[in-house]
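A closer look at the structure
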Amino acid sequence: VAGLRHVRNPIDLADAVRVHSDHVLLTGDGAETFARLRQLPLEENSYFFTDRRLRQLENWRRRQTAPAQESDQSLENREKSQADGLGTVGAVALDRRGNLAAGTSTGGMTAKKYGRVGDSPLIGAGTWADNMTCAVSATGHGEFFIRYVAAYDVHARMLYQRLPLKAAAHQVVMRQLKHAGGGGGMICLDRQGNVSTPCNQNYMARGILTADGRMKISLFMDE
Ligand code: ASP
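Residues numbered from 1 in each chain as written. Predicted model: local features only at pLDDT ≥ 70, side-chain atom pairs only at ≥ 80, totals over all residues. Heavy atoms only, no water.

What follows deals with the pairing of strand 7 (residues 203–209). Note: strand 7 against strand 8 (residues 215–220), five bridges, orientation antiparallel. Looking at the pairing, I208 lines up with K216 of strand 8. Hairpin remark: strand 7 followed by strand 8, antiparallel, with five residues in the connecting loop; positive phi at G213, about 90°. (Pairing = 2+ DSSP bridges. Helix = DSSP H or I, 4+ residues; strand = E, 2+ residues; numbered from the N terminus.)

Around the ligand, the structure places 13 residues, and the nearest of them are T88, R116, D119, T139 and G140. R116 places a polar side-chain atom, nitrogen or oxygen, 2.7 Å from an oxygen atom of the ligand. For the ligand, whose unbound accessible area comes to 270 Å², protein coverage reaches 100%. Of the residues that constitute the shell around the ligand, the class distribution is two nonpolar, nine polar and two charged. (Near = heavy atom within 4 Å. Polar contact = N/O pair within 3.5 Å; in protein donor to acceptor, adjacent residues only side chain to side chain. Areas by Shrake-Rupley, 256 points an atom, 1.4 Å probe, with all protein chains shown as cover. Nonpolar A, V, L, I, M, F, W, Y, C, P; charged D, E, K, R; others polar.)

Time to look at the state of the cysteines. Summed over all chains, the structure comprises zero disulfides. The cysteine C134 is free of any disulfide, with C188 supplying the nearest cysteine sulfur at 6.5 Å. Taking relative accessible area as the criterion, C134 reaches 0% and is therefore assigned buried. (Disulfide = S-S within 2.5 Å. Buried < 20%, exposed > 50% of the residue type's maximum accessible area, 1.4 Å probe, protein only.)

By secondary structure assignment, the location of V7 is in the segment before helix 1 (10–20). Residue class for V7 comes out buried when judged on its relative accessible area of 3%. The sequence separation of V7 and L42 amounts to 35 residues, and the corresponding C-alpha distance is 4.6 Å. Aside from chain neighbours lying at most four places away, what touches V7 is L13, E32, A35, P41, L42 and F48. (Contact = heavy atoms within 4.5 Å.)

Within the largest apolar cluster, 19 residues are counted, with the highest numbers of intra-cluster contacts made by V136, V154, L177 and M186. Listed by contribution, the elements that provide at least two residues to this core are strand 4 (134–140), helix 5 (142–147), helix 6 (150–161), helix 7 (165–180) and strand 5 (184–190). In terms of residue count, the dominant contributor to this core is helix 7 (six residues). With nine residues, the next largest nonpolar core counts V1, A16, V17 and L26 among its residues. (Core = buried A, V, L, I, M, F, W, Y, C linked by side-chain atoms within 4.5 Å.)

Laid out in structure tokens, this is it:
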């Protein structure tokens with residue numbers, strides 16, 4: 001689902017579209033009508049406002065009008081402002097029967113244009129799950145993940161090249177996307193429970209929870 005303004009839990013709505021309709025992707029008003037019919041919780045649009053995100057938008061606006069010499073273009077600051085613009089949450093899961101699932105939810109990128117759809121709701125771009133290979137949920141500069149059909153590409157490399165998860169995910173994120181200028185990363189899981197979380201930027205918050213209850217959380221990529 002894409003272009004929502006009132007649906008509290010978009011992944012629940014995406015799942016409802018999957019299970020209760022003949023379609024794959026619903027957008028905007030139509031998607032919200034479907035949410036209403038399925039009796040999923042809706043909120044005032046202001047429910048989704050946060051001070052942090054409003055500040056990010058303000059900062060972005062200020063950067064647009066700042067004279068060139070004043071805007072700080074150091075790599076560190078560029079990366080920081082890129083990371084500031086990202087706020088996607090994703091999950092991948094494997095159950096005891098070997099079923100893989102993936103979900104991705106986002107407000108999109110700061111200061112995106114009206115009507116813009118990112119990679120998160122597009123199956124194959126920012127989200128993918130196939131019991132034969134892997135489940136993938138991505139975060140980053142969505143336009144690149146769409147152009148390179150990034151999540152599906154991990155699956156395809158595993159299926160056609162017989163690559164293990166780690167090599168496939170690494171090739172997509174650290175070579176393909178990185179060389180194209182597409183900053184971001186992904187969390188990936190295969191049917192054996194192997195995990196790979198490549199990211200070509202400094203920071204991607206991520207956690208792993210295994211069946212025995214062990215939990216591992218990391219933030220920076222050198223951790
Ligand atoms: N991938 C998202 C988008 O392009 C942004 C993000 O990951 O935060 O909409």
